[in-house]
Amino acid sequence: MIVDENSNDVSIPPKNLRWQAERTARENMDHPRENLETMLPEEIGQIFHELRVHQIELEMQNEELRQTQIELDAQRERYFDLYDLAPVGYCTLSEEGFILEANLTAAILLGITQSKLVGRLMSGFVHKEDQNNYYLYRKNFFRSDEKSSFELRLLRENNPPFWAHIMTTAAKNSDNISIVRLVMSDITEKKIYENELNRITQYDALTNLPNRVLLSDRLSQGMAQSQRHGLPLAVVYLDLDGFKEINDTHSHEVGDHVLITLSDQMKQTLREGDTLARIGGDEFVIILLDLKTIEDAIPMIIHLLDATSTPINVDHLLLQITASLGVTFYPQAQNIDTDLLLRQADQAMYQAKLAGRNRYHVFDTQQDTILRERYEFIETIRKAMQSSEFLLYYQPKVNMRTGAIIGVEALIRWQHPENGLLQPAMFLPMIEDHPLSIELGEWVINTALTQMELWQNQGLDIHVSVNVSARQLQENNFVNRLQEILAIHPKINPAHLDLEVLETSKLEDMNRTAQIIQSCREFNVLFSLDDFGTGYSSLTYLQRLPIATIKIDQSFIRDMFNNTNDIAILSGIISLATAFHLNIIAEGVETIEHGELLLKMGCEYAQGYAIARPMPASELPHWSATWHSHSEWINQLVFE
Ligand code: C2E
Ligand code: MG
Ligand code: MG
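All figures in this text were calculated on a predicted structure; none of them were measured in a lab.

Undergrad: Looking at this model, I keep getting lost on the overall build of the protein chain. Mind explaining?
TA: Helix and strand counts for the protein chain come out as 22 helices and 22 strands. For the protein chain, whose C-alpha radius of gyration is 46 Å, the value lies well above the compact-globule estimate of 26 Å for 640 residues. Dimensions of the protein chain, computed from C-alpha atoms along their principal axes, come out at roughly 165 × 80 × 45 Å. The buried share of the protein chain, taken over its 640 residues, is 42%. Taking the intrachain contacts of the protein chain between residues at least 6 apart in sequence as the baseline, contacts between residues at least 24 apart amount to 62%. For the protein chain, the exposed area adds up to about 35300 Å²; of that, 51% sits on carbon and sulfur atoms.

Undergrad: Explain the environment of alanine 297 here, please?
TA: Mapped onto the elements, alanine 297 comes out in helix 10 (residues 297–309). Between the alpha carbons of alanine 297 and lysine 397 there is a distance of 43 Å; along the sequence they are 100 residues apart. Not counting residues up to four positions away in its chain, the partners in contact with alanine 297 are Ala234, Leu288, Leu291 and Phe329.

Undergrad: Can you help me understand the packing of helix 9 (residues 252–269) against helix 10 in this one?
TA: Where helix 9 meets helix 10, the closest approach of the two axes is 9 Å, and the angle between their N-to-C directions is 155 degrees. By the angle between their directions, the pair helix 9 and helix 10 is classed as roughly antiparallel. Between helix 9 and helix 10 lies a crossing whose hand is right-handed. Note on element contacts: helix 10 touches helix 9 through His303, Leu304, Ala307 and Thr308, opposite Leu262, Gln265, Met266 and Thr269.

Undergrad: Can you walk me through the site of ligand 1 in this structure?
TA: Contacts to ligand 1 come from 23 residues, most closely from Glu409, Arg413, Asp530, Gln554 and Glu590. The separation between an oxygen atom of ligand 1 and a polar main-chain atom of tyrosine 609 is 2.9 Å. Look at ligand 1: alone it shows 790 Å² of surface, and the protein chains cover 82% of it. When contributions to the shell around ligand 1 are tallied by element, the ones reaching two or more residues are strand 14 (405–416), strand 17 (497–502) and strand 18 (526–532). Among the elements that line the shell around ligand 1, the one with the most residues is strand 14, at 4 residues. Of the residues in the shell around ligand 1, the class split is 9 nonpolar, 7 polar and 7 charged.

Undergrad: Please clarify how the coordination of the magnesium ion (ligand 3) should be interpreted in this entry.
TA: By definition of the ideal shapes, four donors in a tetrahedron about a metal sit 109.5 degrees apart, and six donors in an octahedron sit 90 or 180 degrees apart. Each protein donor to the magnesium ion (ligand 3) is listed here as Asp530 (OD), Asp531 (OD), Glu587 (OE) and Glu587 (OE); together their distances run 2.0 to 2.5 Å. In this structure, the magnesium ion (ligand 3) is positioned 4.1 Å from the magnesium ion (ligand 2), and both are ligated by aspartate 530. For aspartate 530, a relative accessible area of 3% gives the class buried.

Undergrad: What is the right way to look at the pattern of salt bridges in this model?
TA: Opposite charge on two side chains permits pairing when their charged atoms draw close. The final tally for this structure, using the stated rule, is 23 salt bridges. Of the charged contacts in the structure, one is a salt bridge between glutamate 295 and arginine 374, with a shortest N-O distance of 2.7 Å. With glutamate 295 in the loop between strand 8 (283–288) and helix 10 and arginine 374 in helix 12 (residues 365–386), this residue pair connects regions lying 79 residues apart in the sequence. Judged by its relative accessible area of 4%, glutamate 295 is buried. Through salt bridges that share partners, Lys397, Glu409, Glu500, Lys551 and Glu587 make up one connected network.

Undergrad: What am I meant to see in the coordination of the magnesium ion (ligand 2) here?
TA: Summarising the metal site, the magnesium ion (ligand 2) is bound by the protein donors Glu409 (OE), Asn467 (OD1), Glu500 (OE) and Asp530 (OD), whose distances to it range over 2.0 to 2.2 Å. Mapped onto the sequence, the donors of the magnesium ion (ligand 2) take the spacing E-x57-N-x32-E-x29-D. The exposure class of glutamate 500 is buried, given its relative accessible area of 1%.

Undergrad: Just checking my understanding: could you explain the environment of alanine 514 for this structure?
TA: Along the polypeptide, alanine 514 turns up in helix 17 (residues 510–522). On the basis of relative accessibility, which here comes to 15%, the residue alanine 514 falls in the buried class. In the structure, alanine 514 is positioned 32 residues away from proline 546 in sequence and 6.3 Å away in space, judged by C-alpha atoms. When neighbours within four sequence positions are excluded, alanine 514 is seen to be in contact with Arg544, Leu545 and Pro546.

Undergrad: Is there a simple way to think about the sheet that holds strand 2 (residues 99–102) in this case?
TA: The strands that make up a sheet pair up through hydrogen bonds in the backbone, lying either parallel or antiparallel. Taking strand neighbours across the sheet as the criterion, the 5 strands line up as 2-1-5-4-3 in an open arrangement whose pairing is antiparallel. Pairing within the sheet leaves two strands with one partner each, and these edge strands are strand 2 and strand 3 (148–156). This sheet shows a mean twist of 30 degrees between the axes of neighbouring strands, independent of strand direction. Pairing of strand 3 with strand 4 (residues 159–172) involves 8 bridges; the strand directions are antiparallel. Within strand 4, the residue paired with glutamate 151 across the bridge is histidine 165. Against the sheet, helix 6 (residues 188–202) engages strand 3, strand 4 and strand 5 (178–186), with an angle of about 115 degrees to strand 4.

Undergrad: What is the right way to look at the sheet that holds strand 7 (residues 275–278) in this model?
TA: The strand order across the open sheet formed by 5 strands is 7-8-6-11-12, and the pairing between neighbours is mixed. Looking at strand neighbours, the two that pair on one side only are strand 7 and strand 12 (360–362), the edges of this open sheet. Each strand axis lies, on average, 20 degrees off the axis of its neighbour in the sheet, ignoring direction. Pairing geometry for strand 11 (residues 322–330) and strand 12, over 3 bridges, is parallel. Paired with leucine 325 across the two strands is tyrosine 360, which belongs to strand 12. In this fold helix 7 (residues 212–229) packs onto strand 6 (233–241), strand 7, strand 8 and strand 11, with an angle of close to 150 degrees to the strand it touches most, strand 6. Taken strand by strand, helix 10 contacts strand 6, strand 8, strand 11 and strand 12, and its axis lies near 160 degrees from that of strand 11.

Undergrad: Would you mind going over the packing of aromatic side chains with me for this structure?
TA: How two aromatic rings sit relative to each other is set out by the distance from centre to centre and by the angle between their planes. Taken as a whole and assessed by the stated rule, the structure comprises 13 aromatic pairs. Relative to phenylalanine 141, the ring of tyrosine 134 has its centre 6.2 Å away and its plane inclined at 75 degrees; by these criteria the two rings are edge-to-face. Seen from their ring centres, phenylalanine 141 and phenylalanine 150 are 6.1 Å apart, and the 20 degrees between their planes marks the pair as stacked. Of the two residues examined, phenylalanine 141 and phenylalanine 150, each falls in the buried class. Here the aromatic residues Phe377, Phe390, Trp414, Phe427 and Trp443 are joined through ring pairs into a cluster of three or more. The ring of phenylalanine 162 carries the charged tip of arginine 156 above its face, separated from the ring centre by 4.4 Å. In this arrangement the basic side chain of lysine 191 is found over the ring face of tryptophan 163, its NZ or CZ atom lying 4.3 Å from the centre.

Undergrad: Honestly, unusual backbone geometry in this entry has me stumped. Any pointers?
TA: Most peptide bonds take the trans form, and the phi angle of most residues other than glycine is negative. Here the amide bond leading from tyrosine 330 into proline 331 is cis, since omega sits at 0 degrees, within 30 degrees of zero. Even without being glycine, arginine 357 reaches a positive phi, approximately 60 degrees. The backbone phi angle of asparagine 524 is positive, close to 75 degrees, even though this residue is not glycine. Take asparagine 524: it is sitting in the loop between helix 17 and strand 18. Residue asparagine 524 is classed as partly exposed on the basis of its relative accessible area, which comes to 44%.

What counts and what doesn't
- Residues numbered from 1 in each chain as written.
- Chains lettered and ligands numbered in written order.
- Predicted model: local features only at pLDDT ≥ 70, side-chain atom pairs only at ≥ 80, totals over all residues.
- Heavy atoms only, no water.
- Helix = DSSP H or I, 4+ residues; strand = E, 2+ residues; numbered from the N terminus.
- Rg over C-alpha atoms; globule rule 2.2 N^0.38 Å.
- Buried < 20%, exposed > 50% of the residue type's maximum accessible area, 1.4 Å probe, protein only.
- Contact = heavy atoms within 4.5 Å.
- Areas by Shrake-Rupley, 256 points an atom, 1.4 Å probe, with all protein chains shown as cover.
- Axes fitted to C-alpha atoms, helices over the stretch in contact; angles between N-to-C directions.
- Parallel < 35°, antiparallel > 145°, perpendicular 65-115°, else oblique.
- Left-handed = near helix turned anticlockwise from the far one by under 90°.
- Near = heavy atom within 4 Å.
- Polar contact = N/O pair within 3.5 Å; in protein donor to acceptor, adjacent residues only side chain to side chain.
- Nonpolar A, V, L, I, M, F, W, Y, C, P; charged D, E, K, R; others polar.
- Donors = N, O, S within 2.8 Å, 3.2 Å for Na, K, Ca; no water.
- Salt bridge = Lys/Arg side-chain N within 4 Å of Asp/Glu carboxyl O.
- Pairing = 2+ DSSP bridges.
- Phe/Tyr/Trp six-rings, centres within 6.5 Å; stacked < 30°, edge-to-face > 60°.
- Lys NZ or Arg CZ within 6 Å of the ring centre and 35° of its normal.

The values are spatial; any link to function lies outside them.
Right under this line is the structure:
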């Protein structure tokens, strides 16, 4: 049987039919081949009869085939209907991710016609935030024969993206080329439902605040962030005082109202990123992230206390409530997990209750006291700044040999109302890590520049050096701030201002520090390296930092007559300075002998009690008018 491929009919060509009929006649009649003309009419009749029988049989077969074909066609159509209108989208992808084939549902899902879909890259329909995921999934498309499935957001033309569940199977096409069959379905509704479910399981129904489940999640994330940023976090456990009475005296509705209002009030005191969670009837936990110092948590905690004690108006009732807070910090000396942190904060909260409620308590009494004292001290300094209790003393720097005054160093003092004049060692170390030290540092620069203007008006044109802490120097906007302060004093030549930075201080990022110093050099402000010789990487500093002067630490001068090592170090430092073409000045020159020896060693600049003690600004004009160098120093030859 031959199937004519050009028509849908399945038929037997007539020529073959006759040949078949004749052969059948030959076989069936079982006698030698004869011409039709020589045959008897009955025989011919017989053959015709046989032929008709065959023909009928064939026609019947033909009819059956035609029916089968019709059914096949119908099935084929049904298949295409099913394929096209299936509830899921089908696509075939090439190994490179191009869409080779797609059903109608896929086209509808992606908001594009079937014909336009073919030939496009599947990745073109993937949401930009899911591109990386898609890339990872795609890498696995051809890895195994197993079906893989994943979820991502797909784009639909002119419509919001939708969540799709995608299942893929690796296959080969008829040319044995790898392809991927991809089935996709829209699961946006399921996702919405899932989110809602998450909300129910992670948030408190009354206040809509995170519940305990979400809190512990946030806390672990916060701890990881604290490690990454190198900034501490605080965990605050807050329990309302006497909330039960409100419920008992009034109603639960009033109680609920109080909780909702308090939550809102507390939330307003927090920064973006902080967490406020409700973990029980009247218990809340707050996570304060990215604290610059742990003391920074205190004002926020005080705001929380204030927020809870603000009176609340419910049904014409004015209700006031307070809270007890327990605080703990992360990181700690020991490794600690979320549960233990919460327990510490809870325990501290209990201490706050015991101590009389409406207060906070920091976990670990020792830490608590230190923290409170530091916080109070910083507040005192802040107030002292506001009441102008700080002032600058100035100590001259001279050339011992010529007597020339090369400048003065500004040194901060605190005129304390009760304790008298305080030296910087009494207060600077306590605020070293606090942002307030930056404010104070800027005050010093500004005050020194103002003083220079005043002296200038009196005819005293003098260079002033100001100490800057490493922290201040490494502030992001140090260079800008310095320029801004200089701009307030346009009469002052920036070259007359010198900045002293402590060598031992933590100059963490050497490249950045070098850049900052270089930027300042560009507008003529030069740097000295203070207390040189006390740090451990002096040579590195000299090589890397574009400084102009080094100040030899007074400890080497003090002992130079008793300690031969110090003499060796001193001459080492002096030759280093010469090698690096730096100016060198000795600090703490207390006696004439110290000066003599220094001059002999090749150091002619000095600062110290043998020249002058630090003095108030008002005394400097007189001092500079009357100063003359010691006769032992004058005209002493260097390298005698
Ligand atoms: P420093 O920058 O090395 O300042 C020199 C210190 O040595 C001053 O102490 C000064 O009074 C003292 N001194 C000067 N000559 C002699 C001497 O012959 N013998 C002895 N024993 N001491 C002498 P002061 O004023 O107490 O300052 C101590 C440190 O405090 C300064 O050391 C500086 O590091 C820091 N400091 C002072 N003012 C400021 C400031 O405004 N900002 C910053 N960040 N630090 C400052
Ligand atoms: Mg100094
Ligand atoms: Mg010094």
